[in-house]
Amino acid sequence: MSNSARTVGSAEDYSNDDETHSAERTIESIHRRLQRFDWPDYLVFVLMLLICIVIGLYFGYRDHQKHKRQKNARRGSEALDYLVGGRKMKIFPVSVSLVASWISGISLLGTSTEIYVYGTQYCYIVLAVIIMGFVIHHVFLPVFHDLQITSAYEYLQRRFDQRMRLFGSILFTVACLLWMPIVIYVPALAFNQVTGLSIHVVTPIVCMICVFYTSIGGLKAVVWTDVIQSAITLLALLTVLVKGTYDIGGPMEVLKRNLAGERLEAPIWNPDPTLRHSIWIILIGAPVWFCYGVSCSQDMIQRFLALPTLQDARKALRGFVLGWIVVNMIFFLIGLLVYATYSRCDPLTTQLAKAKDQLLPLFVMETFAAYPGMTGVFVAGIFSAALSSLSSALNALSAITLEDFCKPYCSKPLTERQISYIMRGSVLVYGMLSVVLSIAVEHLGTVMQLTMTLSSASGAPLFGLFVMGILMPWVNGTGALYGGVTGLLVMLYTCFKAQYSIASGSRTFDTKPTSVADCPYEFAFNATGSLGDEDETAYEQMEKSFYHMSYMYFTLFGTSVTCLTGTVISLLTKLRTTDRQPPIDPMLLAPCIRRLQTRVEPVTIHNVPTTLDCKQQIELLEDSTRQTKPGKRNDD
């Protein structure tokens, strides 16, 4: 292939066809030519969905038979199997499931779009993930795993009070309900690009299939479908990468075109917080967002708690970090490949791609136009990534509904039948809500930034609660509650203003240059999305506000507001009361904080008053805690 940009339908094809009319080289005719999703493609796609359904039925039937045989099984055993796999899961499938839960269609389409439109500054996000892994390994994971809880928000009750558990659960539920519609929308967008089928037709079909196998099979079905779906996604990505690179002339040609198009960038060291990305933003802001996503998201913690030991959980964490880096490196390379392909005929300018996040599906349709079934593999890969994330969220919400919204407020223990109805019914309700909310997603900007911004609205104050609980022993329940409410209100306002400014066009970002010099088809020129001289001047003169900060700073900002308010309120309440505060169980604090407490208040252990140094007291409390049942707090 020549070094000229490869676009939809090569120039050779048009020049060799003497009977081709100009009307057949329009955007509409090319769309019709490319939207070929033939029976092999549908076969691959349907086969992927059937595999998910079969896995759900298999684990649902196996667990049903198990509980039918074990007539004398202890109460709650079905919930334990459904929500955390009986705490007997293996490291490899859990590691893969963690990666699959995080790597959704949002990442698959959004990352390549990010590279195409804004360049490779986002690639340095790998550093943030490594920092996150270190923090989770040493700070959060030991606390959660030692407590042996099912709901991560049970921690907030033990550390603070019942109000905080309910508040944290509500925040996570809101975060999921803001995030899941985007997860559904992304694969529907790709399916629309390759088939022409309406987004609002595809969305409910996919969601209901996910609801079915999640509600039937529980966490085991979710984890093992994640493994299968991850294999499909990885196969699709590698196929696209290898075939596309070969067609364009090899890796060096991809590199050359990206250098010419200014896509390859060194780290930006400008400390301006309103930049979209810089090395400071990635090293300071992004790790906080990742820590929130792993440390206090029920869907992630639920997988760590499904492993039998802390050592296994830490191995799974290392597997997650490594897997995330490998998969995202493939995303980065695909983004470079897509730009190299369209470097001389930008489909966004020509409107061949109606939305930024349709770039990759367009590229795949062209690359595999002559290979029946390959487009189906790619679409199945996108849907697999989306289904794995959606099923994880639904299973987590099922756990929250049972453990935090129902059990604490029931006057008598729930029966096994009631527990089953609650777990499976909540999956159905949340799935239907996600379908309804997905209608609004297409009006809110690119999916990558949208996801991180909206998740910060409730995620930042939620992460603040866990930071105050695990790392700030001076914060009490009242301070945590007021801090969380303040953080939530501030972040709702901030995120609304940020997304409104983007939707209204008052907030724009500098995009990389594009060209339409060698387009082999006719189009009506549309400069939307590029900054002209007047727009650029207006952007420079626009007064910047605090909500114009990078979207990667949002979680850090909201967490800081939450923790600062919680600290102030806690100190004020302690000044107003003379009552001695009860000591905090060291098991509820991060190991580093336990070691830093050189002076502690006298405590009573087994009714024997002692005044000991920190190390002795921690040892006694840990010994006392081990003698109690797993997950039950020692209140002696």
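A quick note: this is a predicted structure, and the numbers were derived from the prediction, not measured. (Residues numbered from 1 in each chain as written. Predicted model: local features only at pLDDT ≥ 70, side-chain atom pairs only at ≥ 80, totals over all residues. Heavy atoms only, no water.)

**Q** Honestly, the state of the cysteines in this entry has me stumped. Any pointers?
**A** Enumeration over the complete set of coordinates arrives at one disulfide. Cys 345 shares a disulfide with Cys 519; S-S distance 1.9 Å. Taking the torsion about the S-S bond as the criterion, the Cys 345 to Cys 519 disulfide, at about 110 degrees, is right-handed. Of the two residues, Cys 345 is situated in the loop between α14 (310-341) and α15 (347-350) and Cys 519 in the loop between α20 (477-504) and α21 (533-541); the sequence distance between them amounts to 174 residues. Overall, the relative accessible area of 1% leaves Cys 345 in the buried class. Cys 207 carries a free sulfur, and the closest cysteine sulfur to it, the one in Cys 210, is 6.5 Å from it. Owing to a relative accessible area of 0%, Cys 207 belongs among the buried residues under this scheme. (Disulfide = S-S within 2.5 Å. Helix = DSSP H or I, 4+ residues; strand = E, 2+ residues; numbered from the N terminus. Buried < 20%, exposed > 50% of the residue type's maximum accessible area, 1.4 Å probe, protein only.)

**Q** How should the packing of helix α7 (residues 125-147) against helix α13 (residues 298-305) be read in this particular structure?
**A** Packing of α7 against α13 leaves a shortest axis separation of 10 Å and a crossing angle of 65 degrees. Seen along the crossing, α7 lies across α13 with a hand that is right-handed. Contact with α7, carried on its side by Leu 141, Phe 144 and His 145, involves Ile 301, Phe 304 and Leu 305 of α13 and no other residues of that element. Taken together, the residues of the contact of α7 with α13 break down into five nonpolar, one polar and no charged. (Axes fitted to C-alpha atoms, helices over the stretch in contact; angles between N-to-C directions. Left-handed = near helix turned anticlockwise from the far one by under 90°. Contact = heavy atoms within 4.5 Å. Nonpolar A, V, L, I, M, F, W, Y, C, P; charged D, E, K, R; others polar.)

**Q** Sorry, what's going on with the packing of aromatic side chains here?
**A** Where two aromatic rings form a pair, the distance of their centres and the angle of their planes describe that pair. Under the definition given, this model contains 15 aromatic pairs. Each ring, one from Phe 140 and one from Phe 463, has its centre 5.9 Å from the other, and the planes form 35 degrees; the classification is tilted. Of the two residues, Phe 140 sits in helix α7 while Phe 463 sits in helix α19 (residues 447-471), which places them 323 residues apart along the sequence. Across the pair, exposure class does not vary: Phe 140 and Phe 463 are buried alike. Through a chain of ring-to-ring contacts, three or more aromatic side chains come together here, namely Trp 102, Trp 289, Phe 290, Phe 320 and Trp 324. Geometry around Tyr 116 places Arg 263 over its ring, the cationic atom sitting 5.7 Å from the centre. Sitting above the plane of the Tyr 118 ring, Arg 276 keeps its charged end 3.9 Å from the centroid. (Phe/Tyr/Trp six-rings, centres within 6.5 Å; stacked < 30°, edge-to-face > 60°. Lys NZ or Arg CZ within 6 Å of the ring centre and 35° of its normal.)

**Q** What am I meant to see in the pattern of salt bridges here?
**A** Where charged atoms from two side chains of opposite charge come close, those side chains can pair. In total, this model carries 10 salt bridges according to the counting rule given. Residue Glu 265 pairs with Lys 512 through a salt bridge whose shortest N-O separation is 2.7 Å. Of this pair, Glu 265 sits in the loop between α11 (251-260) and α12 (279-295) while Lys 512 is found in the loop between α20 and α21, placing the two residues 247 residues apart along the sequence. (Salt bridge = Lys/Arg side-chain N within 4 Å of Asp/Glu carboxyl O.)

**Q** Hey, could you run me through helix α18 (residues 416-437) in this one?
**A** One full turn of an α-helix is made of 3.6 residues, so residues set three or four places apart face in the same direction. If you check α18, its first and last C-alpha atoms are 32 Å apart, about what 22 residues at 1.5 Å a residue would give, namely 32 Å. Of the positions making up α18, those classed as buried are Ile 419, Ser 420, Ile 422, Met 423, Ser 426, Val 427, Tyr 430, Gly 431, Ser 434 and Val 435. (Expected span 1.5 Å × (residues − 1).)

**Q** Would you mind showing me how to read helix α6 (residues 105-118) here?
**A** When the terminal C-alpha atoms of α6 are compared, their 19 Å separation across 14 residues agrees well with the 20 Å that a helix rising 1.5 Å per residue should span. When you tally the buried positions in α6, you get 14 out of 14 residues, the bulk of the element. Note on α6: the residue one or two positions beyond its end, Gly 119, has a positive phi of about 95 degrees.

**Q** Whenever I open this one, unusual backbone geometry confuses me. Can you help?
**A** Trans peptide bonds make up the majority, and among non-glycine residues the majority have a negative phi. A positive phi is found at Glu 262, a non-glycine position, where the angle reads about 65 degrees. In this fold, Glu 262 is placed in the loop between α11 and α12. What makes Glu 262 partly exposed here is its relative accessible area of 46%. Even without being a glycine, Gln 351 presents a positive backbone phi close to 70 degrees. By the secondary structure assignment, Gln 351 is in the loop between α15 and α16 (359-367). Relative accessible area serves as the criterion here: at 28%, Gln 351 is assigned to the partly exposed category.

**Q** Any chance you could explain the confidence of the model for the chain here in plain terms?
**A** The predicted coordinates should not be examined in detail at positions where pLDDT is low. A residue-level look at the chain finds 78% of positions with pLDDT of 70 or above and a mean pLDDT of 77. Contacts for the low-pLDDT stretch residues 1-24, under 50 throughout, to residues beyond four places or in other chains number 49 contacts. For the stretch residues 625-636, pLDDT sits under 50, and the model shows 17 contacts to residues farther than four places along the chain or on other chains. (pLDDT = per-residue confidence, 0-100.)

**Q** Would you take a moment to explain a nonpolar patch on the surface for this structure?
**A** Taken together, the side chains of Leu 127, Ile 130, Ile 131, Trp 269, Trp 280, Leu 283 and Ile 284 define a hydrophobic patch exposed on the protein surface, amounting to about 630 Å² of accessible area. Those elements giving two or more residues to the nonpolar patch turn out to be α7 and α12. Assignment of secondary structure puts Ile 284 in helix α12. A relative accessible area of 41% places Ile 284 in the partly exposed class. (Patch = residues over 30% accessible without salt bridge, like charges linked within 9 Å, V, L, I, M, F, W, Y side chains within 5 Å. Areas by Shrake-Rupley, 256 points an atom, 1.4 Å probe, with all protein chains shown as cover.)

**Q** Before we go on, may I ask you to explain the nonpolar core in this structure?
**A** Nonpolar side chains in soluble globular proteins tend to end up buried together. Judged by nonpolar contacts, the single largest core of 166 residues is most densely connected at Tyr 155, Phe 320 and Trp 324. The greatest single-element share of this core, amounting to 19 residues, is contributed by helix α9 (residues 162-195). Residues in contact with Trp 324, not counting those within four places in the same chain, are Val 99, Trp 102, Ile 103, Ile 125, Val 126, Val 129 and Phe 290. Leu 402, Leu 414, Ile 422 and Met 423 belong to the second-largest nonpolar core, a separate cluster that totals six residues. (Core = buried A, V, L, I, M, F, W, Y, C linked by side-chain atoms within 4.5 Å.)

**Q** What is the right way to look at the side chain of Ser 297 in this model?
**A** Take Ser 297: it is sitting in the loop between α12 and α13. Take Ser 297: its relative accessible area is 6%, and that puts it in the buried class. Non-local contacts of Ser 297, meaning those with residues more than four positions away in its chain, are made with Tyr 153, Phe 172 and Tyr 292.

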